[in-house]
Amino acid sequence: MNPPLNPLPPQRPANGIGALRLLFASLVIVSHSPEMLDGNLEREPLHMLFHTLSSGRLAVDAFFLISGYLIAASFAASAGVGSYFMKRILRIYPAFVVCFLLCVFLVAPLAGASLRSLGAADWGRLGYRLVLLKSPAVDQAFATLPYPALNGSAWTISYEFRCYILAALLGMVGLYGRRGLYLALTAVVVTTSLVLSWPDLADFRSPAWLVASLGEPHQQLKLLAAFMVGTCFWLYSKDIVLRGRYAAVAAVPLLGLMFMPQVAETALILLGGYILFWVAFKVSWKPLLTINAKDDISYGVYLYAWPIGALLIWYWRDIPVGVLAGLTFLGAVACGHVSWLLIEKPAMSWKWRSRRIQPRIDSPTILTQGNLGPDADVRQGEA
């Protein structure tokens, strides 16, 4: 008989999840700054090295790996399905809604858009995008920039939330208690994502109605693969040995595979995933264990970086890329702190109680080892 699902114990060893999340949010700024100026990846650091993935894509995949790991643990620790979804909604929606509204009512007018020209249909579309966690879009905002987007980073949020829904469905049917079956399903998703990344298949265009409602299937599959691999690291935490020498061994083929466009992302989520979780849970460097460990500003940094950077370019067209990245980072960190203190942390303090989920899994030790803050779900702002 499986033991009851464990509540997180009061004392837990520290880990580097918070610092890594802030690092990856910052890496998105480093990646987007030259791309927003140039309209291409020619000066993007990681792309210049490998000519495959960008630093931003690496960061997004890392976010989804961490999310898959944390969200399955959140489901297992939740009092019920309703409690789980309430936590997810409270973690994602309040900060997203505030950022979305600021982009529409403040950033868009500053970026050359006229809100008076918007009709009822335009406002309806904005409401639709808000509810579905899609990026805000207002005509003529940043119209002359290479990427005329109000928030070019926020596109991942809706993909993330769809992963939350799938995570709940898989948990409800008991797959977290059948690790082998979950691993097999993950292998199918990863393999399908890899096959669809081949040029002839990658050029396939999905119907517009499908993209509008559920997102681009290829993108969803790639991000879902990272998410499910992260969950596998949680499910098999009793069996996976995290050691520095193993991480070094994984880094060698990863460096080679990163030069191969068709397999770079798959190698990143598999080999890079091992390195990521080794760093998060085994490296005891003090800054890694303390930075962003208490107040998780990474979600706010991720949400606000693009509009801040776009406004800087809009009003300073020849801004040096280093200055752009630095000023964007400072502004995003400030906004991230405000978002956490005034929106995210208060929202997560709300309580939700419902019928407890019937014990269905032998809760992995990873659930009891993470220093995920005073409330495990307070630390799970997603990007």
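Please refer to the structure higher up on the page.
Residues numbered from 1 in each chain as written. Predicted model: local features only at pLDDT ≥ 70, side-chain atom pairs only at ≥ 80, totals over all residues. Heavy atoms only, no water.

A. Quick look at helix H14 (residues 298-315). Here H14 is 18 residues long and its end C-alpha atoms lie 26 Å apart, about the 26 Å a rise of 1.5 Å per residue gives. The sharpest bend along H14 comes to roughly 35 degrees, located at Tyr304, with the proline Pro307 sitting one to four residues further on. Counted residue by residue, H14 has 16 buried out of 18 residues, so it is predominantly covered. (Helix = DSSP H or I, 4+ residues; strand = E, 2+ residues; numbered from the N terminus. Expected span 1.5 Å × (residues − 1). Bend = angle between axes of the 7 residues up to and from the residue. Buried < 20%, exposed > 50% of the residue type's maximum accessible area, 1.4 Å probe, protein only.)

B. Region of interest: the packing of aromatic side chains. Under the defined criterion, the tally for this structure stands at 18 aromatic pairs. Judged by centre distance (6.1 Å) and plane angle (90 degrees), the ring pair of Tyr176 and Trp234 falls under edge-to-face. Taken as a pair, Tyr176 in the loop between helix H6 (155-172) and helix H7 (179-196) and Trp234 in helix H10 (residues 217-235) lie far apart in primary sequence, 58 residues in all. The burial state of Tyr176 is the same as that of Trp234; both residues are buried. (Phe/Tyr/Trp six-rings, centres within 6.5 Å; stacked < 30°, edge-to-face > 60°.)

C. Layout of the side chain of His32. Inspection of the secondary structure assignment puts His32 in helix H1 (residues 17-38). Look past the residues within four positions of His32 in its chain and what remains in contact with it is Ser153 and Trp306. (Contact = heavy atoms within 4.5 Å.)

D. Just the nonpolar core, in detail. By size, the foremost hydrophobic cluster in this structure holds 112 residues, and its most contacted members are Phe96, Phe142 and Tyr176. The element contributing the most residues to this core is helix H3 (residues 55-77), with 14 residues. Excluding its chain neighbours within four sequence positions, the residues that come into contact with Phe142 are Val107, Ala111, Pro148, Ala149, Leu150, Pro307, Ala310, Leu311 and Trp314. (Core = buried A, V, L, I, M, F, W, Y, C linked by side-chain atoms within 4.5 Å.)

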